Amino acid sequence: QVQLVESGGGLVQPGGSLRLSCAASGFTFSDYAMSWVRQAPGKGLEWVSDINAGGSITYYADSVKGRFTISRDNAGNTLYLQMNSLKPEDTAVYYCNVRGVLPHSVYWGQGTQVTVSS
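Let me begin by describing the structure that accompanies this report. (Residues numbered from 1 in each chain as written. Predicted model: local features only at pLDDT ≥ 70, side-chain atom pairs only at ≥ 80, totals over all residues. Heavy atoms only, no water.)

Some thoughts on the pairing of strand β5 (residues 45-51)
Move 1: As paired elements, strand β4 (residues 34-39) and β5 share 6 bridges and run antiparallel to each other. Note on β5: the bridge partner recorded for Met-34 is Ile-51.
Move 2: Taking the residues between adjacent antiparallel strands as the criterion, β4 and β5 are bridged by 5 residues, where Gly-42 takes a positive phi near 75 degrees.
Move 3: Note that β5 and strand β6 (residues 58-60) share 3 bridges and pair antiparallel. By the bridge assignment, Ile-51 is partnered in β6 with Thr-58.
Move 4: Hairpin connection from β5 to β6: 6 residues lie between these consecutive antiparallel strands, with Gly-55 at a positive phi of about 90 degrees. (Pairing = 2+ DSSP bridges. Helix = DSSP H or I, 4+ residues; strand = E, 2+ residues; numbered from the N terminus.)

Digging into the nonpolar core
Move 1: In this structure, Phe-27, Met-34, Trp-36, Leu-79, Leu-81, Met-83 and Tyr-94 are the most contacted members of the largest nonpolar core, which totals 29 residues.
Move 2: Among the elements of the structure, β3 (18-25), β4, β5, β7 (68-73), β8 (78-83), β9 (92-99) and β11 (112-116) are those that each provide at least two residues to this core.
Move 3: When residues no more than four places from it in sequence are discounted, the contact partners of Met-83 are Gly-16, Ser-17, Leu-18, Leu-20, Arg-67, Phe-68, Tyr-94 and Val-114. (Core = buried A, V, L, I, M, F, W, Y, C linked by side-chain atoms within 4.5 Å. Buried < 20%, exposed > 50% of the residue type's maximum accessible area, 1.4 Å probe, protein only. Contact = heavy atoms within 4.5 Å.)

Describing the packing of aromatic side chains
Move 1: The tally for this structure, following the rule as stated, stands at 3 aromatic pairs.
Move 2: Seen in terms of ring centroids, Tyr-95 and Trp-108 are 6.0 Å apart; in terms of plane orientation they differ by 85 degrees. Their pairing is edge-to-face. Here Tyr-95, found in strand β9, pairs with Trp-108, found in strand β10 (residues 106-108); they are 13 residues apart in sequence, far enough to count as distant.
Move 3: The rings of Phe-27, Phe-29 and Tyr-32 are connected pair by pair, giving a single aromatic cluster.
Move 4: For Arg-72, the ring lying beneath its charged end belongs to Phe-29, and the centroid distance is 4.3 Å. (Phe/Tyr/Trp six-rings, centres within 6.5 Å; stacked < 30°, edge-to-face > 60°. Lys NZ or Arg CZ within 6 Å of the ring centre and 35° of its normal.)

In structure tokens:
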């Protein structure tokens, strides 16, 4: 079965950095685009970034462009999100997801908490 497990969250001061990981299993990771999505306290889901299956094409929300970098290791079945110059407004639960493994499907991980605070 498809499984996505995020890790790497934590408490960091403004201006700091974190690297999130998403370990994937149960499907052919290298065949699918992947996404990062976040949910801030009391708010809805916000798309953060996408990466294509091969890792050569990336997209970012304007709110994170220039600060976050999405990447993937297809040999290791892992998705990453490098987050630099973190701001308090980046505080959220961060989720990775994959679409289309089954028709009309979207699989999500359990999320990892990122808190940016002094």
